[in-house]
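For reference, the chains in residue letters:
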Amino acid sequence: MIKSIFFDLDRTLLNRDKRIPNSAVTALRRCRENGIKLFVATARPPILDKMLCWGDEEFSLFDGGVYCNGGCIKFDNQMNYTYIPSDVVSYCVSAVEEYDNLNIALQMKNERHAFNHFLDDFAYDIWGIEKADSIKITEACYKQTVKILIYYENMVDITTALPLNLIDDLQRYCNEKANFCLTDSGKIIQISSNQASKFNGVEKIRKHFGFSKSEVAAFGDDMNDFEMLNGYENSVAMDNADARVKAVANFVTKSNDADGIAYALKELLKII
């Protein structure tokens, strides 16, 4: 019997308009009525009120979440952060400096952000942060970094793939030092502590509530969901997911724009 469900957000629970479809809202409410605990499991920081304009209606659907790819975990009104080693942050910042117009952002404790190049004005609202609160990267940021993002443009309007040499360099350097993940078809590098991942975050919450692995279900679409979906028998990939993610999931549902969440909860997992 499934007692808890974890949902990736972008391209999974959210549709192309970055909203939870009505079909999914209804399905999640039925899950909660059946006593199932619901959590988000996302690369986003826990400022969904600012990033996605969530209010009480959306937040009331969930019991907490795994944020920043596991760098931040929230449940029972507690927030726990896991930091990237400062030498890894320093190396990544230096590596990015070798490439013109390449951006690196450090997401830090209390959802503060530091940049090597500031965003264009329009992008701050989409990131969910205030321009006035954004700071330039300094060494003081290195010890409180929860997640690193490397990207071109403003990330939210990204069209440029990352340099292959940089990808190879950082993947090799991170190795056992940190979790390296290439997402969005090679356009974004996401780095977190090697103690932080969506899977590790789900495991902490699972053990806190005393659920068995068979009582957990997980939904996702991209490579930062790979380990999470590979770790649970009740794993569901979206039809729009990366082929490698589909390969490790036990179920594949319809796409995020075709009521895939509601379909999976009713027809595949059979819990509503």
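Every chain's residues receive numbers from 1 upward, in the order its sequence appears when written. Only residues with pLDDT of 70 or above have their local features reported here, since the model is predicted, and side-chain atom pairs are shown and tallied only from 80 upward, although totals for entire chains, interfaces and linings are computed over all residues. Excluded from the side-chain calculation are hydrogens and water; included are all heavy atoms of the structure.

## Observations regarding the packing of helix α2 (residues 22-33) against helix α11 (residues 260-268)
Working step 1: One way to put it is that α2 packs onto α11 with a least axis distance of 7 Å and a crossing angle of 35 degrees. The chirality of how α2 crosses α11 is left-handed. Residues Ser23, Ala24, Ala27, Leu28 and Cys31 of α2 form the contact with α11, whose own contacting residues are Ile261, Ala262 and Leu265.
Working step 2: Residues are grouped as follows: Ala, Val, Leu, Ile, Met, Phe, Trp, Tyr, Cys and Pro are nonpolar; Asp, Glu, Lys and Arg are charged; every other residue, Gly included, is polar. Each residue belonging to the contact of α2 with α11 can be placed in one class, and the counts come to 7 nonpolar, 1 polar and no charged. Between the N-to-C directions of two axes lies an angle of 0 to 180 degrees, each axis being a line fitted to C-alpha atoms and, for a helix, fitted only over the stretch in contact. Secondary structure follows DSSP: runs of H or I at least 4 residues long count as helices, runs of E at least 2 residues long count as strands, and numbering of each begins at the N terminus. Crossings are sorted by hand: turned counterclockwise from the far helix by less than a right angle, the near helix makes the crossing left-handed, and turned clockwise it makes it right-handed. Two residues form a contact once any of their heavy atoms are found within 4.5 Å.

## A closer look at the packing of aromatic side chains
Working step 1: Ring pairs are drawn from Phe, Tyr and Trp, using the six-membered ring of Trp, whenever the two centres fall within 6.5 Å, and their geometry is named by plane angle: stacked under 30 degrees, edge-to-face over 60, tilted for the rest. A complete count under the given rule lists 13 aromatic pairs for this structure.
Working step 2: With a centroid separation of 5.8 Å and 15 degrees between ring planes, the pair formed by Phe209 and Phe211 is classed as stacked.
Working step 3: An aromatic cluster is present here, built from Phe6, Phe39, Phe75, Phe209 and Phe211 joined pairwise through their rings.
Working step 4: Only when the NZ atom of a Lys or the CZ atom of an Arg is both within 6 Å of the ring centre and within 35 degrees of the ring normal do we say a charge sits over the ring. Against the face of Phe118 rests Lys136, its NZ or CZ located 5.3 Å from the ring centre.
Working step 5: The residue whose ring lies beneath Lys213 is Tyr232, and the NZ or CZ to ring-centre distance is 5.7 Å.

## A short note on the packing of helix α5 (residues 86-96) against helix α7 (residues 164-174)
Working step 1: Here α5 crosses α7 at 170 degrees, and the two axes come no closer than 11 Å. With respect to α7, the axis of α5 lies roughly antiparallel. Handedness of the crossing formed by α5 with α7: right-handed. Contact residues: Asp87, Val88, Tyr91, Cys92 and Ala95 in α5; Leu166, Asp169, Leu170, Tyr173 and Cys174 in α7.
Working step 2: Its residues assigned to classes, the contact of α5 with α7 comprises 8 nonpolar, no polar and 2 charged. Orientation categories follow fixed angle ranges, with anything under 35 degrees roughly parallel, anything over 145 roughly antiparallel, 65 to 115 roughly perpendicular, and all other angles oblique.

## So, α5
Working step 1: Per-residue accessibility, obtained with a 1.4 Å probe over protein chains only, is compared with the maximum for each type, and a residue is labelled buried under 20%, exposed over 50%, and partly exposed between these values. By the burial criterion, the buried members of α5 are Val88, Val89, Cys92, Val93, Ala95 and Val96. Buried residues of α5 fall within an arc of 165 degrees about the axis and therefore sit on the same side.
Working step 2: On its buried face, α5 is in contact with β6 (103-108), β9 (145-151), α7, β10 (178-183) and β11 (188-193). In this context, the arc is that of the directions from the helix axis out to the C-beta atoms.

## Some points on the pairing of β10
Working step 1: Any two strands between which DSSP finds at least two bridges are classified as paired. Examined bridge by bridge, β10 and β11 share 6 bridges and lie antiparallel to one another. In the sheet register, Phe180 faces β11, and the bridge partner there is Ile191.
Working step 2: Taking the residues between adjacent antiparallel strands as the criterion, β10 and β11 are bridged by 4 residues, where Asp184 takes a positive phi near 55 degrees.

## A word on the side chain of Glu111
Working step 1: Mapped onto the elements, Glu111 comes out in the loop between β6 and β7 (113-115).
Working step 2: Asp and Glu count as negative and Lys and Arg as positive, but His and the ends of the chain are not part of the count. In what follows, salt bridge is the name for a side-chain nitrogen of Lys or Arg lying within 4 Å of a carboxyl oxygen of Asp or Glu. This buried residue, Glu111, is left without a salt bridge; Lys74 holds the nearest opposite charge, at 8.1 Å.

## Focus: the pattern of salt bridges
Working step 1: Summed over the entire model, instances satisfying the criterion amount to 14 salt bridges.
Working step 2: In this structure, Arg32 and Asp63 form a salt bridge, with 2.9 Å as the shortest nitrogen-oxygen distance. A residue pair is termed long-range when its members are at least 10 positions apart, and Arg32 in helix α2 and Asp63 in the loop between α4 (56-59) and β3 (64-67) qualify at 31 residues.
Working step 3: Using a relative accessible area of 24% as the deciding quantity, one classes Asp63 as partly exposed.
Working step 4: The shortest N-O distance in the salt bridge between Asp121 and Lys131 comes to 2.8 Å. Here the residue Asp121 occupies a position in the loop between β7 and α6 (123-127), and Lys131 occupies one in the loop between α6 and β8 (135-136), the gap between them amounting to 10 residues.
Working step 5: Judged by its relative accessible area of 47%, Lys131 falls in the partly exposed class.
Working step 6: If you follow the salt bridges from partner to partner, you end up with Asp8, Lys198 and Asp225 in one network.

## A closer look at the layout of surface pockets
Working step 1: In this structure, the largest pocket spans a volume of roughly 1000 Å³.
Working step 2: Considering the residues around the largest pocket, the lining is formed by 41 residues, among which Asp10, Lys18, Arg44, Asp184 and Ile188 are closest to the centre.
Working step 3: Taken together, the elements giving at least two residues each to the lining of the largest pocket come down to α1 (9-13), α3 (48-51), α6, β9 and β11.
Working step 4: For the lining of the largest pocket, the element with the most residues is α6, which contributes 3 residues.
Working step 5: Residue classes in the lining of the largest pocket are distributed as 14 nonpolar, 9 polar and 18 charged. In this analysis a 1.4 Å probe is tested at points of a 1 Å grid over the protein atoms alone, and where it fits but cannot get out there is a cavity; an open set with protein on both sides within 12 Å along at least five of seven lines is a pocket; lining residues have an atom within 4 Å of a point. Grid points are joined across faces, edges and corners, and a volume is the space filled by probe spheres set on the points.

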